[in-house]
Amino acid sequence: MRHSTSERELRSNDGYLAAVIGVLLIAGTVVSFVLAPGAGGAWGVGLRVLLPLAGVFILVGLYMLQPNQAAILNLFGRYAGTDRTEGLRWANPLYVKRKISLRARNLNMPT
């Protein structure tokens with residue numbers, strides 16, 4: 001039995017926006033501890049635990065691709081797609097991101 005394989009393009013999101021959101025979630029929690037340490041009751045404590053965790057979760061999804069580089073994204077061992085967009089990128093933090101080189105290599109020698 002023969003299986004055909006083909007590349008699936010996966011378009012990731014802009015990493016700069018994700019980085020700003022992640023940092024703001026963490027910084028907002030730190031500022032809330034400084035400005036109002038006991039405010040909010042049980043809801044405040046819950047938000048102060050969940051918001052920085054969400055910020056870290058977002059920051060974990062960041063990765064950088066250089067020119068002539070791609071990232072293969074796998075979700076729980078299954079191929080999800082290949083991202084070829086260079087720069088700071090963001091994808092689901094549960095994806096395993098493996099970078100590969102797209103550089104064309106050849107050997108030129110006299111015969």
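Quick look at the structure, then.

Parameters and conventions
- Residues numbered from 1 in each chain as written.
- Predicted model: local features only at pLDDT ≥ 70, side-chain atom pairs only at ≥ 80, totals over all residues.
- Heavy atoms only, no water.
- Helix = DSSP H or I, 4+ residues; strand = E, 2+ residues; numbered from the N terminus.
- Rg over C-alpha atoms; globule rule 2.2 N^0.38 Å.
- Buried < 20%, exposed > 50% of the residue type's maximum accessible area, 1.4 Å probe, protein only.
- Contact = heavy atoms within 4.5 Å.
- Areas by Shrake-Rupley, 256 points an atom, 1.4 Å probe, with all protein chains shown as cover.
- Lys, Arg positive; Asp, Glu negative; His and termini not counted.
- Charge placed at Lys NZ, Arg CZ, Asp CG, Glu CD.
- Axes fitted to C-alpha atoms, helices over the stretch in contact; angles between N-to-C directions.
- Parallel < 35°, antiparallel > 145°, perpendicular 65-115°, else oblique.
- Left-handed = near helix turned anticlockwise from the far one by under 90°.
- Nonpolar A, V, L, I, M, F, W, Y, C, P; charged D, E, K, R; others polar.
- Salt bridge = Lys/Arg side-chain N within 4 Å of Asp/Glu carboxyl O.
- Patch = residues over 30% accessible without salt bridge, like charges linked within 9 Å, V, L, I, M, F, W, Y side chains within 5 Å.

Here we take up the overall build of the protein chain. Each helix and strand in the protein chain was counted, giving 2 helices and 6 strands. Ordered by position from N to C terminus, the α and β elements of the protein chain give β-α-α-β-β-β-β-β. Relative to its length of 111 residues, the protein chain is extended, with a C-alpha radius of gyration of 20 Å against a globular reference of 13 Å. Each of the three principal axes of the protein chain carries a C-alpha extent, and together these read 80 × 40 × 15 Å. Each of the 111 residues in the protein chain was classed as buried or not, and the buried ones make up 25%. Sequence-distant contacts, at least 24 apart, represent 65% of the contacts inside the protein chain between residues at least 6 apart. By element, 64% of the accessible surface of the protein chain is carried by carbon and sulfur atoms, the whole surface being about 8300 Å². Counting 12 positive and 5 negative side-chain charges, the protein chain places the centres of these two groups 8 Å from one another.

A word on the packing of helix H1 (residues 15-35) against helix H2 (residues 41-60). At their nearest, the axes of H1 and H2 sit 8 Å apart, and the two run at 155° to each other. Considered as vectors, H1 and H2 are oriented roughly antiparallel to each other. Considering the relative orientation of H1 and H2, their crossing is left-handed. Together, Ala-18, Ala-19, Ile-21, Gly-22, Val-23, Leu-25, Ile-26, Thr-29, Ser-32 and Phe-33 of H1 and Arg-48, Leu-51, Pro-52, Ala-54, Gly-55, Val-56, Ile-58 and Leu-59 of H2 make up the contact between the two elements. Considered class by class, the residues forming the contact of H1 with H2 number 13 nonpolar, 4 polar and 1 charged.

In this section: unusual backbone geometry. Notably, Asn-68 is not glycine yet its phi reads approximately 60°, a positive angle. The class of Asn-68 is exposed, set by a relative accessible area of 54%.

Below, the discussion takes up the pattern of salt bridges. Applying the stated criterion across every chain yields a total of 1 salt bridge. Between Glu-9 and Arg-11 there is a salt bridge whose closest N-O contact spans 3.3 Å. Exposure remark for Arg-11: the relative accessible area of 61% places this residue in the exposed category.

This brings us to a nonpolar patch on the surface. Together, Val-30, Val-31, Phe-33, Val-34 and Leu-35 line one region of the surface with nonpolar side chains, adding up to about 520 Å² of accessible area. Looking at the element boundaries, Val-34 is found in helix H1. Assessed through its relative accessible area of 63%, Val-34 is described here as exposed.

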